[in-house]
Amino acid sequence: MIYILSCSIMKVFTIAGWSGSGKTTLITKLIMYFKQKNKKVIAVKNTPHKYYLEPESADTFKFLEAGADEVCLVAKKQLMQMRQISEKENVITTLESQYADCDFLLLEGLHQANIPLIEVINSNKNITPKFPVKKLCAVVSNNPIANELPNFNHGDIKEIANFMEVYDG
């Protein structure tokens, strides 16, 4: 998905795959590559479980449990935010609005039909994709799986990044 906002273009991609496939490693390397090119990158990790900024005995947990709409944790050169959302709220729309000035919004495991999906496959663990090939825009695997899709090796960071920069889905 591409968004043109105030003369800047935000590219949004979901990086998905089976557990242990290398999603986090790929995203980390893409972030480092894009940052070398002075791009603004936002990474979003999806987890199916409830998560807190601090343990249950700490303040941010107590603030969220008390019903605060948003809780922030400030540490040396870091600001972490946690916002309460309803089940019906469109998380992607919220992210796109909040981070409209970024170059890349990388979503780990947070999939929506209109967002390009890159699947990472660890051929030592899983041979088949988690998603149907027709839903993917590219595959990262050391064993190509689909002739009709761009296939990249895990170490092809520059090539994957270039693909993402020009992809217009």
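See above for the structure.
Figured I'd write up the structure that's included with this text.

Some details on the overall build of the protein chain
Scanning the protein chain from N- to C-terminus turns up 4 helices and 9 strands. Traced from its N-terminal end to its C-terminal end, the protein chain shows the element sequence β-β-α-β-α-β-β-α-β-β-β-β-α. The buried share of the protein chain, taken over its 169 residues, is 36%. Here the contacts in the protein chain between residues at least 6 apart in sequence split such that 52% fall between residues at least 24 apart. Summed over its atoms, the accessible surface of the protein chain is roughly 10400 Å², and 52% of this surface lies on carbon and sulfur atoms.

Comments concerning the side chain of asparagine 122
With respect to the secondary-structure elements, asparagine 122 resides in the loop between β7 (117-120) and β8 (138-140). Among the polar contacts listed, one links the side chain of asparagine 122 to the backbone oxygen of glycine 20, at a separation of 3.4 Å. Excluding its chain neighbours within four sequence positions, the residues that come into contact with asparagine 122 are Gly20, Ser21 and His154.

Definitions and limits used
- Residues numbered from 1 in each chain as written.
- Predicted model: local features only at pLDDT ≥ 70, side-chain atom pairs only at ≥ 80, totals over all residues.
- Heavy atoms only, no water.
- Helix = DSSP H or I, 4+ residues; strand = E, 2+ residues; numbered from the N terminus.
- Buried < 20%, exposed > 50% of the residue type's maximum accessible area, 1.4 Å probe, protein only.
- Contact = heavy atoms within 4.5 Å.
- Areas by Shrake-Rupley, 256 points an atom, 1.4 Å probe, with all protein chains shown as cover.
- Polar contact = N/O pair within 3.5 Å; in protein donor to acceptor, adjacent residues only side chain to side chain.

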